[in-house]
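For reference, the chains in residue letters:
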Amino acid sequence: MCLDHCPQSPSPTVRKQFIKNIEAPIVRAKHPNQFLHIRFRWIDSSTLPTILVSFPEPMAAVDLRFHLHPAAFSSVHPSNSSAKPHRHCPPQRIHAAARRCLLRAKSSNGHPQIGASFSDGALDAKPSGAGGPAPEQGEHTVSITVVGASGDLAKKKIFPALFALFYEDWLPEHFTIFGYARSKMSDEELRNMISMTLTCRIDQRANCSEKMDQFLKRCFYQSGQYNSEEGFCELDRKLTEKEAGKLPNRLFYLSIPPNIFVDVVRSASRTASLPSGSGWTRFIVEKPFGRDSESSGELTRSLKMYLEEEQIFRIDHYLGKELVENLSVLRFSNLVFQPLWSRDYIRNVQLIFSEDFGTEGRGRYFDNYGIIRDIMQNHLLQILALFAMETPVSLAAEDIRNEKVKVLRSMRKLKVEDVVVGQYKGHTRGEKSFPAYVDDPTVPNDSVTPTFAAAALFIDNARWDGVPFLMKAGKALHTRRAEIRVQFRRVPGNLYRGSVGADLDMATNELVLRVQPDEAIYLKINNKVPGLGMRLDSGNLNLFYSERYQREIPDAYERLLLDAMEGERRLFIRSDELDAAWAIFTPVLRELEDKRVAPELYPYGSRGPVGAHYLAANYNVRWGDISSDGSF
Ligand SMILES: NC(=O)C1=CN([C@@H]2O[C@H](COP(=O)(O)OP(=O)(O)OC[C@H]3O[C@@H](n4cnc5c(N)ncnc54)[C@H](OP(=O)(O)O)[C@@H]3O)[C@@H](O)[C@H]2O)C=CC1
Ligand SMILES: O=C1O[C@H](COP(=O)(O)O)[C@@H](O)[C@H](O)[C@H]1O
């Protein structure tokens, strides 16, 4: 790769930054086992390069030639002039080392990161160790500390996601993982604990156990109190030891109950943050981000006493799900949908979440929050924002987040008459008994916390005026599912009205994005039943991921962890987004709680309260997950 000896090229810094910006998308585009040659030829000093990408056998030897427009340089940040030289790979097989080498430019939006990489601490410069000017050269390392390592989320999601990233060679060459919690554990005990939940992404891969061993050897444990500077000081000492003179970057994942977020941030930022002039220090914060506008604002203010907004990565793992990620692609890169995406053609939008299990083991947490805070205010609302936002200026994090904030701020505050709440009760099916929500010993017997809610929301802007956005979320229902349903308007003056039966509702188009399980996109259309007569029925144009893509879908936490390491903030929640989200739900939450509105009881494993149907009917809507015979 011609990096340093290109004649008549622009300044070395500009060249290096430019190469950083373009190489990852190219490298991502091909099969991992192919050889890839990239050559940059600098035609003249007008900064107009030609890039040659050659794919040798087994693909036909094709040379792709790109002539880049000088505008491609416009994203080169001025502060790059002080950036350290870019570590680059020679032309080679794109294998683990090469992928690691290029990791810095490989975040989930498929766009190279500017000022947000393992090595570009300089562009992320923040007080309290967010990263000052990066040292000129050297090897980088990333330390990931899972605070609350003994907990449910850490075991279930975070360590497995880190292992999957390691397994797929997405982690940098030099990385260390630390667990931090109060429980006393040795490194070995942590490793045993982690190993219980690690799985190979594809069963029985030959080198799986070898990879697990390699991964576990990089995992260490530090026990300490969450408000203890000594604990984090000791962690800092161990982190420094592992960083072994390399250029450090630190990521803290706060997988702990929310009441100790601030304690941890205070202690860790004071004692285990990197000093300014070093690499970056970032904190992933798990939900819940407060209980209402006030407490959320308070949490934000407290976190910002110790951190800059750029250091805070508020995670909503639904944003890391493949189908949610695809929503923008579907909208903005398919002409067919663009003209339809408004009140002119869309009758209603439904955001549906259901789980076929209760709050098992999480009753104490859940009773303080309820389903509206647990699912609607964050996961479903985030999907809604992506669904309804205007086209962002670009795929850059701030452009997308600006649009999300705009649409959230255009939303009407939810009214109590537009909400139905429910709570599951015990149920016996055959030999099996299922508990009621209040059977959980950590839940008060007279709890009115909703485990189910349905709501009708509205966006008061030109695009969506009058379109109901219906949400439904519940635990202990009959199925596990998350989907987005878009019901289109009727065909005006439909010539085939007589051929589809009396129910024109059934004859409208519906686009469904099934987020989970079995990711799929399908569009219901009216179709002629083959034969001599003229009869129409509703059929589906299907895109089932399992049929179309022969690859497993990464867990949301993998994408989000990788993005946090890359400094890609697009899938994380900015504080003003959070404020706007709470503003929609806070009044109704307050009213429900002040009045202790009794939830409608529904049997464990059922389809939920019938009230949800009346709510939808108020807006002339029928839930799309219920077929004409009433079944799902
Ligand atoms: N579990 C899940 O599926 C999901 C969880 N979340 C969020 O992620 C975070 C972590 O969740 P989860 O792992 O379930 O939480 P846990 O209740 O399992 O807590 C994590 C760890 O924190 C410590 N801890 C627990 N309670 C207290 C307490 N009262 N005071 C001090 N330390 C305590 C314990 O470690 P030790 O005693 O060893 O210090 C525990 O292992 C929470 O904010 C949760 O809301 C978000 C989405 C899903
Ligand atoms: O955030 C949460 O999400 C889970 C559901 O996540 P999924 O990825 O398994 O769909 C939910 O069970 C939990 O109550 C909630 O806190």
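Residues numbered from 1 in each chain as written. Chains lettered and ligands numbered in written order. Predicted model: local features only at pLDDT ≥ 70, side-chain atom pairs only at ≥ 80, totals over all residues.

### Focus on the sheet that holds strand β20 (residues 536-544)
Taken in spatial order, the 9 strands of this open sheet run β20-β19-β18-β17-β11-β16-β15-β12-β22, and their pairing is mixed. Each having just a single partner strand, β20 and β22 (600-603) make up the two edges of the open sheet. Taking each pair of neighbouring strands and ignoring which way they run, the sheet shows an average axis angle of 20°. (Pairing = 2+ DSSP bridges. Helix = DSSP H or I, 4+ residues; strand = E, 2+ residues; numbered from the N terminus. Axes fitted to C-alpha atoms, helices over the stretch in contact; angles between N-to-C directions.)

### Points about the domain arrangement of the protein
According to the domain assignment, the protein consists of domain 1 (12-95), domain 2 (122-315) and domain 3 (319-484 + 570-618). Here the C-alpha centre of domain 3 lies 30 Å away from the C-alpha centre of domain 2. Contacts between the two partners involve 14 residues from domain 2 and, on the opposite side, 13 residues from domain 3. Contributing elements (two or more residues each) for the side of domain 2 that touches domain 3: α8 (293-306) and β10 (312-315). Among the elements that make up the side of domain 2 that touches domain 3, the one with the highest residue count is α8 (4 residues). (Domains from an automatic or database assignment. Contact = placed C-beta atoms within 7 Å.)

### Notes on the site of ligand 1
The immediate surroundings of ligand 1 are formed by 19 residues, with G151, L153, A181, R182 and S183 found nearest. If you tally residues by element for the shell around ligand 1, the top one is helix α3 (residues 152-167), at 3 residues. For the shell around ligand 1, a count of residues per class yields 10 nonpolar, 5 polar and 4 charged. (Near = placed C-beta within 6 Å. Nonpolar A, V, L, I, M, F, W, Y, C, P; charged D, E, K, R; others polar.)

### Comments concerning the nonpolar core
Residues L254, M376, L380, A453 and M471 are the most contacted members of the largest nonpolar core, which totals 133 residues. Considering every element that reaches this core, the biggest residue donor is helix α11 (residues 370-388), with 12 residues. In terms of domain composition, this core takes at least three residues from each of domain 2 (122-315) and domain 3 (319-484 + 570-618). Setting aside its immediate chain neighbours within four residues, L254 contacts V147, G148, F261, V264, F283, I284, V285 and E286. (Core = buried A, V, L, I, M, F, W, Y, C linked by C-beta atoms within 7 Å. Buried ≥ 20, exposed ≤ 12 C-beta atoms within 10 Å, placed from the backbone.)

### Examining the site of ligand 2
Inspection of the region around ligand 2 gives H317, E355, D374 and A482 as its neighbouring residues. The class makeup of the residues in the shell around ligand 2 is 1 nonpolar, 1 polar and 2 charged.

### Thoughts on helix α12 (residues 397-409)
Here α12 contains 13 residues, and its C-alpha end-to-end distance of 18 Å stays within 8% of the 18 Å for a straight helix at 1.5 Å per residue. Buried within α12 are the following residues: A397, I400, R401, K404, V405, V407 and L408. Seen from one end, α12 has its buried residues packed into an arc of 165°, which puts them on one side. Those residues of α12 that are buried lie in contact with α11 and α15 (575-594). (Expected span 1.5 Å × (residues − 1). Arc of directions from axis to C-beta.)

### What about the packing of helix α7 (residues 261-271) against α8?
Remark: α7 packs on α8, axes separated minimally by 9 Å, with the N-to-C direction vectors making an angle of 10°. Between α7 and α8, the angle is such that the two are roughly parallel. Residues F261, V262, V265, R266 and S269 of α7 pack against L299, S302, L303 and Y306 of α8. The residue makeup of the contact of α7 with α8, split by class, is 6 nonpolar, 2 polar and 1 charged. (Parallel < 35°, antiparallel > 145°, perpendicular 65-115°, else oblique.)

### Structural notes on the pairing of strand β19 (residues 520-528)
Bridge count between strand β18 (residues 510-516) and β19: 5 bridges; the pairing is antiparallel. In the strand pairing of β19, L513 is matched with I521. Linkage of β18 to β19, two consecutive antiparallel strands, is achieved through a turn of 3 residues, within which D518 is found at a positive phi near 55°.

### What to know about the environment of Y167
Its location among the elements puts Y167 in helix α3. Overall, the presence of 23 C-beta atoms within 10 Å leaves Y167 in the buried class.

### Describing the sheet that holds strand β9 (residues 281-285)
The strand order β7-β6-β5-β8-β9-β10-β21 describes an open sheet built from 7 strands, whose pairing is mixed. Edge positions in the sheet fall to β7 (219-223) and β21 (572-573), since each of these pairs with one other strand and no more. Its contacts with the sheet place α7 against β5 (140-147), β8 (247-254) and β9, and it is angled at close to 165° to β8.

### Thoughts on α8
In this model, α8 (14 residues) spans 21 Å end to end at C-alpha, consistent with the 20 Å of a helix rising 1.5 Å per residue. Along α8, the residues classified as buried are S293, S296, L299, L303 and Y306. Buried residues of α8, viewed axially, fall in a sector of 155°; they line one side. The exposed set on the far side of α8, more than 90 degrees from its buried face, consists of E294, R301 and M305. Elements in contact with the buried residues of α8: α7, β10 and α15.

### Some remarks on the environment of N620
Examined against the element boundaries, N620 turns out to sit in the segment after α16 (611-618). In this structure the C-alpha to C-alpha distance between N620 and E600, which are 20 residues apart in sequence, comes to 22 Å.

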